[in-house]
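If you want the building blocks of each chain, they are given just below.
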Amino acid sequence: VQLQASGGGLVQAGASLRVSCAASGRTLRNYVVSWFRQVPGKEREFVATIFRSGGTTSYADPVKGRFTISRDNVKSTVYLQMNSLKPEDTAVYYCAADSRIIWSSVRLSEQYDYWGQGTQVTVSS
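Attention here is on the structure that accompanies the text. Predicted model only: the values in this text are computed from it and were never measured. (Residues numbered from 1 in each chain as written. Predicted model: local features only at pLDDT ≥ 70, side-chain atom pairs only at ≥ 80, totals over all residues. Heavy atoms only, no water.)

## Observations concerning the sheet that holds strand S1 (residues 2-6)
Within a sheet, each strand pairs with its neighbour through backbone hydrogen bonds, oriented either parallel or antiparallel.
Okay, so step 1: With respect to topology, 4 strands assemble into an open sheet ordered S1-S3-S8-S7, the strand pairing being antiparallel. The open sheet is flanked by S1 and strand S7 (67-72), the only strands paired with a single partner. Each neighbouring strand pair of the sheet contributes to a mean axis angle of 15 degrees, computed without reference to strand direction.
Okay, so step 2: Here strand S3 (residues 17-24) runs beside strand S8 (residues 77-82); their pairing, made up of 6 bridges, is antiparallel. Each bridged residue has a counterpart across the sheet, and for arginine 18 the counterpart in S8 is glutamine 81. (Pairing = 2+ DSSP bridges. Helix = DSSP H or I, 4+ residues; strand = E, 2+ residues; numbered from the N terminus. Axes fitted to C-alpha atoms, helices over the stretch in contact; angles between N-to-C directions.)

## Section: the pattern of salt bridges
Okay, so step 1: Under the defined criterion, the tally for this structure stands at 5 salt bridges.
Okay, so step 2: With its nearest N and O atoms 3.0 Å apart, the salt bridge here joins lysine 64 to aspartate 61.
Okay, so step 3: Its relative accessible area of 60% is what places aspartate 61 among the exposed residues.
Okay, so step 4: With a shortest N-O distance of 2.8 Å, arginine 66 and aspartate 89 are connected by a salt bridge. Here aspartate 89 lies in the loop between S8 and strand S9 (91-98) and arginine 66 lies in the loop between strand S6 (57-59) and S7, a separation of 23 residues in the sequence. Like aspartate 89, arginine 66 is buried.
Okay, so step 5: Here the salt bridges share partners, and the residues they tie into one network are Arg37, Glu45, Arg66 and Asp89. (Salt bridge = Lys/Arg side-chain N within 4 Å of Asp/Glu carboxyl O. Buried < 20%, exposed > 50% of the residue type's maximum accessible area, 1.4 Å probe, protein only.)

## Things to note about the nonpolar core
Okay, so step 1: Formed by 38 residues in total, the largest nonpolar core has its most connected members in Trp35, Leu80, Met82 and Tyr93.
Okay, so step 2: Those elements that provide at least two residues to this core are S1, S3, strand S4 (32-38), strand S5 (45-50), S7, S8, S9 and strand S11 (119-124).
Okay, so step 3: At 5 residues, S9 tops the list of elements feeding residues into this core.
Okay, so step 4: In contact with leucine 80, not counting residues within four places along its chain, are Leu17, Arg18, Val19, Trp35, Val47, Ala48, Phe67, Thr68, Ile69 and Tyr93. (Core = buried A, V, L, I, M, F, W, Y, C linked by side-chain atoms within 4.5 Å. Contact = heavy atoms within 4.5 Å.)

## A few points about the state of the cysteines
Okay, so step 1: Under the defined criterion, the tally for this structure stands at 1 disulfide.
Okay, so step 2: There is a disulfide in this structure between cysteine 21 and cysteine 95, and the S-S distance comes to 2.2 Å. With the S-S dihedral at roughly 70 degrees, the linkage between cysteine 21 and cysteine 95 falls on the right-handed side. You can see cysteine 21 sitting in strand S3 and its partner cysteine 95 sitting in strand S9, a full 74 residues away along the chain. For the pair cysteine 21 and cysteine 95, a shared accessibility class is recorded, and that class is buried. (Disulfide = S-S within 2.5 Å.)

Put into structure tokens, the structure is as follows:
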């Protein structure tokens, strides 16, 4: 499966932004999909995950209550709605997918087989 991340941009603190992860090649319905983010010099950080049916989600503490992950299996697209953005949310956001990952491993970037190319999100203060 090929993943294409899009929707990043430059916004002011407090604004909202939605990034998308569109799949091609295979339907995304059988994959767990997560968002990670990375800033230069730091390790890739888990942001949010959504399980295959879309009924189960999990968020990193820094984004809980502000970000919402969702999926449209018909469109093979996963979204990350980001509200109340803060300067510390500035990063390259990557989507990742895997069909065999188990719940206890969803926050581990090395467990994912497929990655999108990343989209830059910059939040100015």
